[in-house]
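# Coordinate inspection notes
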Amino acid sequence: QKEVEQDPGPLSVPEGAIVSLNCTYSNSAFQYFMWYRQYSRKGPELLMYTYSSGNKEDGRFTAQVDKSSKYISLFIRDSQPSDSATYLCAMDSGGYQKVTFGIGTKLQVIP
Amino acid sequence: DGGITQSPKYLFRKEGQNVTLSCEQNLNHDAMYWYRQDPGQGLRLIYYSQIVNDFQKGDIAEGYSVSREKKESFPLTVTSAQKNPTAFYLCASSFDRASGTDTQYFGPGTRLTVL
């Protein structure tokens, strides 16, 4: 079993829809959680960073962490065609352990 | 304008050749990383360095080498021993782990193709 599971998609939604992207994990030591957006042939861009459980909102993006279920989510409200990209989750237990990335979910927002 | 630069953007290598990928950052980050990204496999850690003149192997270090002579620079050499080097290579950097999480910032990537 992989430490981090993420559905690769692709996920296609109409413009304006609410998008829900998710990752599950098995390592209970993870306490830092990140979401990256990666456009085709570009480097990943940090979108959201959350420590421990709870919600964090930034504009149209909301990150949720449920440590009891080992489940994290990224919600995108009023999705736009410019949101079409691959979204990578990443998590970290702190200290000097390496970051573990999900495989990425490819999202397509259709105008 | 702070950030991470990688060069070249595209690189072609003949079999049996060594090639070096450049990574430079002006973010004053202590730690630097090299990842390889292949379709359907996500990011795989090749090497990382937490301080100048020190580096550690990641999950797939075989066939690669690095150096960290300056804080700003972390070049990656893909040697002829790497049997399947065609991939998208990403460099990242972060602050010293002692300050908290290892939130990594990525460069634009280098696409290496073996001819």
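## Looking at the overall build of chain B
Within chain B, the regular secondary structure consists of zero helices and eleven strands. Expected size for 115 residues packed as a compact globule is a radius of gyration near 13 Å; at 13 Å, chain B falls within 12% of this value. Taking the principal axes of the C-alpha coordinates as reference, chain B spans close to 40 × 30 × 30 Å. By residue count, 50% of the 115 residues in chain B fall in the buried class. For chain B, the share of sequence-separated contacts (at least 6 apart) that also reach a separation of at least 24 residues comes to 54%. On chain B, roughly 5500 Å² of surface is accessible, and the fraction owed to carbon and sulfur atoms is 48%. Here chain B holds 12 positive side-chain charges and 12 negative ones, and the gap between their average locations is 8 Å.

## A short note on the nonpolar core
Counting residues in each nonpolar core, the largest one holds 24 residues, and the members touching the most others are W35(A), I72(A), L74(A), Y87(A) and M91(A). At the level of elements, strand 3 (19-25), strand 4 (32-38), strand 5 (45-51), strand 7 (61-66), strand 8 (71-76), strand 9 (85-92) and strand 11 (105-110) of chain A are the ones that each hand at least two residues to this core. Not counting the four nearest positions on each side in its chain, M91(A) is found in contact with V4(A), C23(A), Y25(A), F30(A), Y32(A), F33(A), M34(A), I72(A), K98(A), V99(A) and T100(A). One finds M32(B), W34(B), A61(B) and A87(B) within the second-largest nonpolar core, a separate group that totals 20 residues.

## Here's the deal with the pattern of salt bridges
Enumeration according to the criterion identifies seven salt bridges over all chains in this entry. E45(A) is paired through a salt bridge with R37(A); the nearest N and O atoms lie 3.0 Å apart. Close ionic contact of R44(B) with D38(B) constitutes a salt bridge, the shortest N to O distance being 2.9 Å. The exposure class of R44(B) is partly exposed, given its relative accessible area of 24%. Taking the relative accessible area as the measure of exposure, D38(B) reaches 12% and is therefore buried.

## Here's the deal with the sheet that holds strand 3 of chain A
Residues and elements named next belong to chain A. Spatial strand order, 1-3-8-7-6: five strands in an open sheet with antiparallel pairing. The outermost strands of the open sheet, each flanked by one partner alone, are strand 1 (4-5) and strand 6 (54-58). By the bridge criterion, five bridges tie strand 6 to strand 7 in an arrangement that is antiparallel. Of the residues in strand 7, the one forming a bridge with D58 is F61.

Rules behind the numbers
Residues numbered from 1 in each chain as written. Chains lettered and ligands numbered in written order. Predicted model: local features only at pLDDT ≥ 70, side-chain atom pairs only at ≥ 80, totals over all residues. Heavy atoms only, no water. Helix = DSSP H or I, 4+ residues; strand = E, 2+ residues; numbered from the N terminus. Rg over C-alpha atoms; globule rule 2.2 N^0.38 Å. Buried < 20%, exposed > 50% of the residue type's maximum accessible area, 1.4 Å probe, protein only. Contact = heavy atoms within 4.5 Å. Areas by Shrake-Rupley, 256 points an atom, 1.4 Å probe, with all protein chains shown as cover. Lys, Arg positive; Asp, Glu negative; His and termini not counted. Charge placed at Lys NZ, Arg CZ, Asp CG, Glu CD. Core = buried A, V, L, I, M, F, W, Y, C linked by side-chain atoms within 4.5 Å. Salt bridge = Lys/Arg side-chain N within 4 Å of Asp/Glu carboxyl O. Pairing = 2+ DSSP bridges.

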